[in-house]
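Breakdown of the fold
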Amino acid sequence: MATPLPLTGNAYTGARWRAGLPPGVYEVQAGAEQRKQVRLDMAAFVGLAERGPVGIPVPLQSWPAFQAAFGAPIEGLQGPLAVRLFFENGGRQCLFIRVVDPDQARAARLLLPGLGPLAAVSARSAGSWANRLSLRLRVNRRILPLRRAIGMPPWTDGTLLAPMDRAVAGTTITLAGDPPDMVRHIVDVGRPTGGLTAILIDPPVAPTVEEIRLSATEALTLQLDIALNDSLVESWSDAALHPFHPDHLPYLLDRAALVEKLAPGDVDAPYGSQFLRPDPSLIDHVLMPSLALMLAPDGLFFDARTLEDDDRGFDAAGTTTRDHFIDALDALTLWDERSETAPVALVALPDLVHPPQREADIALAAPPAETCFGPCLHQPAPLAASPLLYPKLGADSRAELGAAQLRFVRHCEAHGRRMALLDLPTGLSSGEIIAWRRALASPRAALFTPWLRIDNADGVAVPPAAAVAGLIARAERDVGVFASPGATTLHGIFALAGDAGLPGPGFLHEERIDQIRATEKGLQLMGSRTTAFDAEWTHISVRRLLDWLALQLAIDLAWAPFEPNDGALWRAMIRTAERRLLALLDAGALAGGRASDSFFIRCDRSTMAQSDLDFGRAIMLVGVAPAVPSEFLLFNLVRHGADDPRMEVTA
C-alpha cells in the first residue's frame with residue numbers, strides 16, 4: 001500500500017499508527033494558541049552590597065542566589081536583608097542593582113603567584129571585599145607519552161606522535177631530563193591516524209633525545225584556588241598555560257561570570273570566574289611558571305591583605321550619594337526590553353534612607369549629611385547590648401532624602417508601569433509626616449512604616465518596603481494581581497523597631513501611610529494605600545489591576561496592527577478584550593454581578609477621529625469597575641498602522 005501524503009493544512013504522523021489507528025490521512029485540529037500571561041510581581045531593589053556587578057540588574061530567584069552573587073549581609077547595608085525579606089514573604093523573583101560611586105570605586109589588583117610580575121588579575125567587581133581574597137596556584141603533572149614515527153607511514157621519520165585524545169594545540173609539556181623550569185608547547189596538531197596524531201613542539205625536540213625520555217613526557221596544567229575570608233569559593237583545575245589551548249587560564253577567568261550572564265547581554269556566554277578578571281594583555285600571553293612554582297608541590301600563595309594601598313579595592317563609601325541610587329534606576333529599562341511579560345512593577349530603594357545607628361555611635365560620631373552613606377558602609381560598629389535607635393537626620397540630610405524620594409516617584413510615574421515602594425523615615429513629628437506624604441502624593445507611590453527587626457540575636461533593623469513587595473508578590477501568586485496585600489502576616493520578622501514619635505493608626509490611615517502592626521495573627525500589614533490625592537487611585541491593588549489589564553490587552557491584541565482598519569477589526573478587538581474582562585469578573589476582580597455593571601468596551605467611529613482613521617489608528621476605549629472602589633476607571637488602547645506595529649495604552 002502506498003504511503004499516504006499529508007493534505008495541505010492537515011497533519012499525518014506515524015504516531016497514529018502506533019496508537020492503533022489504520023493508515024490513512026488524518027486532520028489534526030490545531031490547539032488554541034496559548035496567550036502570553038503578564039505577571040506584575042517582579043520587584044527591583046537598588047542598594048548597597050558587599051560585592052557584585054555595579055549598575056547591572058541581576059535577576060535572582062532566592063536568597064542564597066543573592067549571597068552567591070553579592071556576598072553576605074553586613075551591618076549598615078540594608079540591601080541584602082531587604083532581598084532576604086522579599087523572598088521570605090512570598091517573592092518569586094527580583095532584580096538587584098548594586099550601587100557605588102562608579103567614578104571613585106576601585107577593584108583590587110592581584111597577581112597570579114609564580115607566573116611573573118605581568119600575570120596581573122583584578123577583582124571581578126569594585127570594592128574592599130577583594131582585599132580579603134587569597135590565591136593558590138599549583139602545577140599539575142600528567143604523563144603524555146610521545147614517540148617518533150619510525151617506519152610508520154604516512155608520517156616521515158623524526159615526526160613526533162601523541163595519543164589522539166591527548167594531542168591539543170597549546171598543551172604545555174616538559175621532557176624528562178629537561179631543567180625543572182624549562183617547558184615546551186604543542187603549537188600544531190595534524191590529522192589523527194590509527195589513534196595517534198602528529199604534533200609540532202616549540203622549542204623543538206632534538207633528534208638525539210632518547211625514546212625513554214619521550215615516553216616519560218609530562219603535560220602540565222594549572223590549578224587555581226580562590227579563597228575569600230580564608231574559605232574556598234572557586235577552583236579552576238586543568239587550566240592551560242598557552243593561549244592556543246581552549247582552556248587557557250586567563251580565557252577561563254575572563255568569560256562572563258554567572259551574574260553577568262543573567263544580566264541583559266550575551267546570555268549564551270560560557271561561565272567564567274565570579275571573583276577574578278584577568279588583565280586584557282594576559283589573554284594572549286603565554287604563562288611561564290617560575291622555578292619556585294614548578295618545585296612547590298603545594299603551589300604558591302598570594303594574599304590580597306598584603307597589597308599596597310594603590311592596589312587595594314575601594315568602596316567609595318564617602319562619595320556614594322543618593323543621586324547614584326536614582327540614576328541607577330535607568331538600568332531597569334534593559335530588563336523590560338527583554339522581558340515583555342514580566343516587567344519590573346515594584347521598586348524599592350532600601351538604602352536610600354540613612355542606615356540606623358546605635359545609641360553609642362550617635363553620641364560619638366554623627367555623620368555629616370553630605371556623606372550619609374560613608375560611615376556605615378563596610379565599617380560596622382561593634383554590636384552593643386542597647387536596642388537599635390533611629391536618630392533624626394539633620395535638616396540638610398532630611399531635605400536631601402525627600403528630594404531623592406521625589407525623584408524616585410517621578411521616575412515611576414514617567415515609566416508608567418511601576419510602583420515606588422517608599423520607606424517613611426523615622427523620627428518625624430505628625431506635622432512633618434503630613435508634609436512628607438503630601439510632597440510624595442502619587443498613584444504610583446506608597447509609604448510604609450515602621451522599620452522591622454529581623455529574627456536574629458542582634459535585632460538588626462530593616463526598612464519595611466521590601467517585605468511589603470514580597471507580600472504583594474504573594475497575593476498575586478495566590479489570588480491574582482487584583483488582590484490586596486493588606487491584613488497579611490509577615491514572615492522573617494522578630495519585632496517592630498520602635499519609633500516613639502509615630503502617630504496612632506487612625507492618623508496614619510487618614511494620611512495614606514501603610515502601617516505594619518502587631519495583631520493576634522502576628523505582624524501584619526494593615527493598609528495598602530497609595531499616597532495619591534485622587535480617591536479612585538487610593539488602593540495599590542486598583543493601580544496594579546489597571547496596569548496589568550493594559551499590558552495584558554496590549555499583548556492579546558499584538559496581531560491587530562497587521563489587520564485592515566475596518567469594522568471587522570474593531571469587533572475582533574472588542575471580543576478579545578471582552579474575554580479577558582469576563583475572566584476577571586469571574587475571578588472576583590470586578591464589581592457587579594453582570595458584565596454590564598463591571599466593564600464596557602467601545603471601538604467604533606465614536607472613539608476615533610477622522611485623523612485617526614487617516615493614519616491607520618484604531619482606538620478602543622475600555623472602562624472597568626474594580627471590586628474596590630467600584631467606580632469605572634478608563635483607559636485607551638491605540639492600534640497603530642502596519643508601519644508602526646505596536647499597541648499603545650493611554651490613560
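Cut-offs used in this document
- Residues numbered from 1 in each chain as written.
- Predicted model: local features only at pLDDT ≥ 70, side-chain atom pairs only at ≥ 80, totals over all residues.
- Heavy atoms only, no water.
- Axes fitted to C-alpha atoms, helices over the stretch in contact; angles between N-to-C directions.
- Helix = DSSP H or I, 4+ residues; strand = E, 2+ residues; numbered from the N terminus.
- Left-handed = near helix turned anticlockwise from the far one by under 90°.
- Contact = heavy atoms within 4.5 Å.
- Nonpolar A, V, L, I, M, F, W, Y, C, P; charged D, E, K, R; others polar.
- Salt bridge = Lys/Arg side-chain N within 4 Å of Asp/Glu carboxyl O.
- Buried < 20%, exposed > 50% of the residue type's maximum accessible area, 1.4 Å probe, protein only.
- Pairing = 2+ DSSP bridges.
- Polar contact = N/O pair within 3.5 Å; in protein donor to acceptor, adjacent residues only side chain to side chain.
- Phe/Tyr/Trp six-rings, centres within 6.5 Å; stacked < 30°, edge-to-face > 60°.
- Lys NZ or Arg CZ within 6 Å of the ring centre and 35° of its normal.
- Core = buried A, V, L, I, M, F, W, Y, C linked by side-chain atoms within 4.5 Å.
- 1 Å grid on protein atoms, 1.4 Å probe; cavity = no way out; pocket = protein on both sides within 12 Å on 5 of 7 lines; lining within 4 Å.
- Points joined across faces, edges and corners; volume = space filled by probe spheres on them.
- Arc of directions from axis to C-beta.
- Patch = residues over 30% accessible without salt bridge, like charges linked within 9 Å, V, L, I, M, F, W, Y side chains within 5 Å.
- Areas by Shrake-Rupley, 256 points an atom, 1.4 Å probe, with all protein chains shown as cover.

Where helix α15 (residues 540-556) contacts helix α16 (residues 567-586), the two axes come as close as 10 Å, and the packing angle between them is 145 degrees. Crossing geometry of α15 relative to α16 is assigned as right-handed. For the pair α15 and α16, the contacting residues are Leu545, Trp548, Leu549, Gln552, Leu553 and Asp556 in the first and Thr576, Ala577, Arg580, Leu581 and Leu584 in the second. When its residues are assigned to classes, the contact of α15 with α16 shows seven nonpolar, two polar and two charged.

What the rule picks out here adds up to 30 salt bridges. Residues arginine 132 and glutamate 50 are paired through a salt bridge, measuring 2.4 Å at the closest nitrogen-oxygen approach. Of the two residues, arginine 132 is situated in the loop between β5 (120-123) and β6 (133-143) and glutamate 50 in the loop between β1 (43-47) and β2 (58-60); the sequence distance between them amounts to 82 residues. Given the relative accessible area of 6%, glutamate 50 is considered buried. In this structure, arginine 148 and glutamate 211 form a salt bridge, with 3.9 Å as the shortest nitrogen-oxygen distance. With arginine 148 in strand β7 (residues 147-148) and glutamate 211 in helix α4 (residues 211-215), this residue pair connects regions lying 63 residues apart in the sequence. Overall, the relative accessible area of 12% leaves arginine 148 in the buried class.

So, about the sheet that holds strand β4 (residues 109-111). Taken together, three strands build an open sheet; the order of strands is β4-β5-β14 and the sheet is antiparallel. Whereas interior strands pair on both sides, the edge strands pair on one side only; in this sheet they are β4 and β14 (276-278). Strand-to-strand twist of the sheet, defined as the mean angle between neighbouring strand axes without regard to direction, takes the value 40 degrees. Judged from the three bridges that link them, β5 and β14 form a sheet pairing that is antiparallel. For valine 121, the partnering residue across the bridge sits in β14 and is proline 278.

All right, on to the environment of arginine 437 then. Relative to the assigned elements, arginine 437 resides in helix α12 (residues 430-439). Classification of arginine 437 as buried rests on a relative accessible area of 4%. Taking C-alpha positions, arginine 437 is 6.5 Å from threonine 531, a pair spaced 94 residues apart along the chain. Those residues in contact with arginine 437 that lie beyond four places of it in its chain are Leu447, Glu511, Arg512, Ile513, Thr531, Ala532 and Phe533. A distance of 3.4 Å separates a polar atom in the side chain of arginine 437 from the backbone oxygen of glutamate 511.

Using the criterion set out here, one finds eight aromatic pairs in the structure. Seen in terms of ring centroids, phenylalanine 45 and phenylalanine 86 are 5.4 Å apart; in terms of plane orientation they differ by 70 degrees. Their pairing is edge-to-face. Of this pair, phenylalanine 45 sits in strand β1 while phenylalanine 86 is found in helix α3 (residues 78-88), placing the two residues 41 residues apart along the sequence. For phenylalanine 45, a relative accessible area of 0% corresponds to the buried category. The buried category is assigned to phenylalanine 86, whose relative accessible area is 0%. An aromatic cluster of at least three residues, connected via ring pairs, comprises Trp63, Phe66, Phe70 and Phe96. Cation over ring: arginine 51 sits above tryptophan 129, and NZ or CZ is 5.9 Å from the ring centre. Over the aromatic face of tryptophan 537 sits the side chain of arginine 543, whose NZ or CZ is 4.1 Å from the ring centroid.

This brings us to the nonpolar core. Counting residues in each nonpolar core, the largest one holds 43 residues, and the members touching the most others are Phe45, Leu60 and Leu421. Per-element accounting of this core gives the leading share, eight residues, to helix α13 (residues 465-478). Beyond its immediate sequence surroundings of up to four residues, leucine 421 is in contact with Leu346, Val347, Ala348, Phe408, Ala446, Phe448, Ala465, Ala469 and Ile472.

So, about empty space enclosed by the protein. Inspection of every chain in the model, using the stated rule, returns two cavities of 30 Å³ or more. Space inside the largest cavity adds up to approximately 60 Å³. Taken together, Arg51, Gly52, Pro53, Ala68, Ala69, Arg124, Ser125, Trp129, Val259, Glu260 and Gln274 make up the lining of the largest cavity. When the residues that make up the lining of the largest cavity are grouped by side-chain class, the tally is five nonpolar, three polar and three charged. Considered as a void within the structure, the second largest cavity measures approximately 30 Å³ in volume.

Tracing the backbone through its elements, the reader meets glycine 76 in the loop between α2 (63-70) and α3. Note on glycine 76: relative accessible area 16%, which makes it buried. Taking the C-alpha atoms as reference points, glycine 76 and alanine 49, separated by 27 residues in sequence, lie 10.0 Å from one another.

Further remarks concern α12. Regarding α12, the residues found buried are Ile433, Trp436 and Arg437. Projection of α12 onto a plane perpendicular to its axis shows the buried side chains occupying an angular sector of 90 degrees, all on one side.

Once that is clear, we can look at the pairing of strand β8 (residues 160-163). Pairing analysis gives two bridges linking β7 to β8, with the strands arranged antiparallel. Considered in β8, the bridge of arginine 148 is made with leucine 160. Two elements, β8 and strand β11 (residues 196-202), share four bridges in a ladder whose sense is antiparallel. Residue pairing for β11: leucine 160 is matched across the bridge by isoleucine 199.

What follows covers a nonpolar patch on the surface. A contiguous nonpolar surface patch, about 240 Å² in accessible area, is contributed by Leu258, Leu262 and Tyr271. With respect to the helices and strands, leucine 258 occurs in helix α6 (residues 258-262). Leucine 258 gets classed as partly exposed once you look at its relative accessible area, which sits at 38%.

Pairing is mixed across the open sheet formed by nine strands, whose spatial order is β2-β3-β1-β16-β17-β18-β23-β24-β21. Unpaired on one side and paired on the other, β2 and β21 (488-489) mark the two borders of the sheet. Bridge count between β21 and strand β24 (residues 522-525): two bridges; the pairing is antiparallel. By the bridge assignment, threonine 489 is partnered in β24 with glutamine 524.

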